[in-house]
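Notes for the structure review
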Amino acid sequence: MSKIEYDNFPKFLVSAGIVLFALPIVIVHFFLQENSVLLISEQELSQLSSTASQVIIAKQNLCLWLTNNIWILSIVCILCGVVLLILGCKMWYSRQKKTDAKQDLDLQTAEAQYKKMTMEEKDEKIANEVLSLERPNMIEGSPDDGRELSVEEIQMRQAAVRKENRLIYSQITQRYKAVEKAVSDRIKEELGAKYEVQDNIKINNLEYDLIAISKNPDLHDYIFEIKYSFSKNSWNSSTFHYIPQHMADQATNYKASTGRKAAAILLVVTLEDQVTQIESMLIRRMQKLNPAMTIRVIAENKIGLLNVETIL
């Protein structure tokens, strides 16, 4: 403890106990500092002024008294220090137990408000996200060669487009799932010591990709929204408006349901050559709609190197 604590009585007792425990050492240090006073000769003393002589004699008398009583003084100080330490630690432990119990209750309250999403709900959530982001990149039809097509040719081309879109959609969905899981695992690995991290949950029927519940009552929680995008062309006006509002709703719903504050973080994963462009675009288009939201864009090949603490 660098200084005596006055704002908390148990801490004050512990601090005072440490001071009393260390007092004999301070006294020995005092002796070492006063060597020159103790070793002064009578001739040197007689040459000093009356006031200086009285001061030195007083110090010599004090050192003599301490020398005769150092063991008694040390025992008393150590015993008092031990008593204060034990009493302070006991009171501190009792108070800390109550604090920990309240903190555990807060955590339990927060955890009781959410429920894990089923596999079907997870698949539906990802399917909706893929469609909202990647629909512009889907094949809409075959190039028009200028000639009139028969009904059979139109049907054949439509079937080919649907088949190709199903293949693209399936591949994107699988990749989206893998990326979201990799990001979630990385966040859990980075924050697991300080936060209770839960992914794919619902609170009052509102979906959350990931929530980090702080184990420290002085720190707030975090809500992560994870998105995967191939290019800046995946984003549209509807998405620019929906995500900031959705994350504001998530934060409001979370506080109303759990009584805990949470900061919202939008974490977008994309290809390495798209990071700067997408981050600049999202900050420009979304930040003004939800100033409290943090936006970060990372490269897919850098997920394993993500330092989550720098985002918080």
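Structure's up top.
This report concerns the structure included in the present document.

In this section: the pattern of salt bridges. Here the structure, examined in full by the defined rule, presents 10 salt bridges. Across the salt bridge formed by K202 and E121, the nearest N and O atoms sit 3.3 Å from each other. In this pair, K202 is assigned in strand β2 (residues 195–203) and E121 in helix α5 (residues 119–134), connecting sequence segments 81 residues apart. The class of K202 is buried, set by a relative accessible area of 12%. Close ionic contact of R260 with D221 constitutes a salt bridge, the shortest N to O distance being 2.7 Å.

With that settled, consider the packing of aromatic side chains. Within the structure shown, the criterion is met by 3 aromatic pairs. An angle of 80 degrees between the planes, with centres 6.2 Å apart, marks the rings of Y176 and Y228 as edge-to-face. Taken together, the positions of Y176 in helix α6 (residues 151–191) and Y228 in strand β4 (residues 221–228) put the pair 52 residues apart, joining distant regions of the chain. Neither Y176 nor Y228 differs from the other in exposure class; each is buried. Between W235 and F240, the aromatic rings sit 6.5 Å apart at their centres with planes inclined by 10 degrees, giving stacked as the arrangement. Considered together, W235 and F240 belong to a single accessibility category, that of buried residues.

A cluster of basic residues, K232, R284, R285 and K288, forms a positive patch at the surface. Mapped onto the secondary structure, R284 falls in helix α8 (residues 275–286).

Next up on the list: the nonpolar core. In a soluble, globular protein the nonpolar side chains are often hidden away together inside. V183, I187, L191 and F224 are the most contacted members of the largest nonpolar core, which totals 22 residues. The biggest single contributor to this core is α6, with 5 residues. Ignoring sequence-local partners within four residues, the contact set of L191 consists of V197, A212, F224, V308, E309 and L312. Among the nonpolar cores identified, the runner-up in size contains 16 residues, and W235, F240, I278 and M281 belong to it.

So, about the packing of helix α7 (residues 237–258) against α8. Running from N to C, α7 and α8 point in directions that differ by 70 degrees, and their axes come no closer than 10 Å. In terms of axis orientation, α7 runs roughly perpendicular to α8. Of α8, the residues touching α7 (which contributes T239, F240, I243 and P244) are M281, L282, R285 and M286. Taken together, the residues of the contact of α7 with α8 break down into 6 nonpolar, 1 polar and 1 charged.

What counts and how
- Residues numbered from 1 in each chain as written.
- Predicted model: local features only at pLDDT ≥ 70, side-chain atom pairs only at ≥ 80, totals over all residues.
- Heavy atoms only, no water.
- Salt bridge = Lys/Arg side-chain N within 4 Å of Asp/Glu carboxyl O.
- Helix = DSSP H or I, 4+ residues; strand = E, 2+ residues; numbered from the N terminus.
- Buried < 20%, exposed > 50% of the residue type's maximum accessible area, 1.4 Å probe, protein only.
- Phe/Tyr/Trp six-rings, centres within 6.5 Å; stacked < 30°, edge-to-face > 60°.
- Patch = residues over 30% accessible without salt bridge, like charges linked within 9 Å, V, L, I, M, F, W, Y side chains within 5 Å.
- Areas by Shrake-Rupley, 256 points an atom, 1.4 Å probe, with all protein chains shown as cover.
- Lys, Arg positive; Asp, Glu negative; His and termini not counted.
- Charge placed at Lys NZ, Arg CZ, Asp CG, Glu CD.
- Core = buried A, V, L, I, M, F, W, Y, C linked by side-chain atoms within 4.5 Å.
- Contact = heavy atoms within 4.5 Å.
- Axes fitted to C-alpha atoms, helices over the stretch in contact; angles between N-to-C directions.
- Parallel < 35°, antiparallel > 145°, perpendicular 65-115°, else oblique.
- Nonpolar A, V, L, I, M, F, W, Y, C, P; charged D, E, K, R; others polar.

Treat this as a map of the structure, not an account of what it does.
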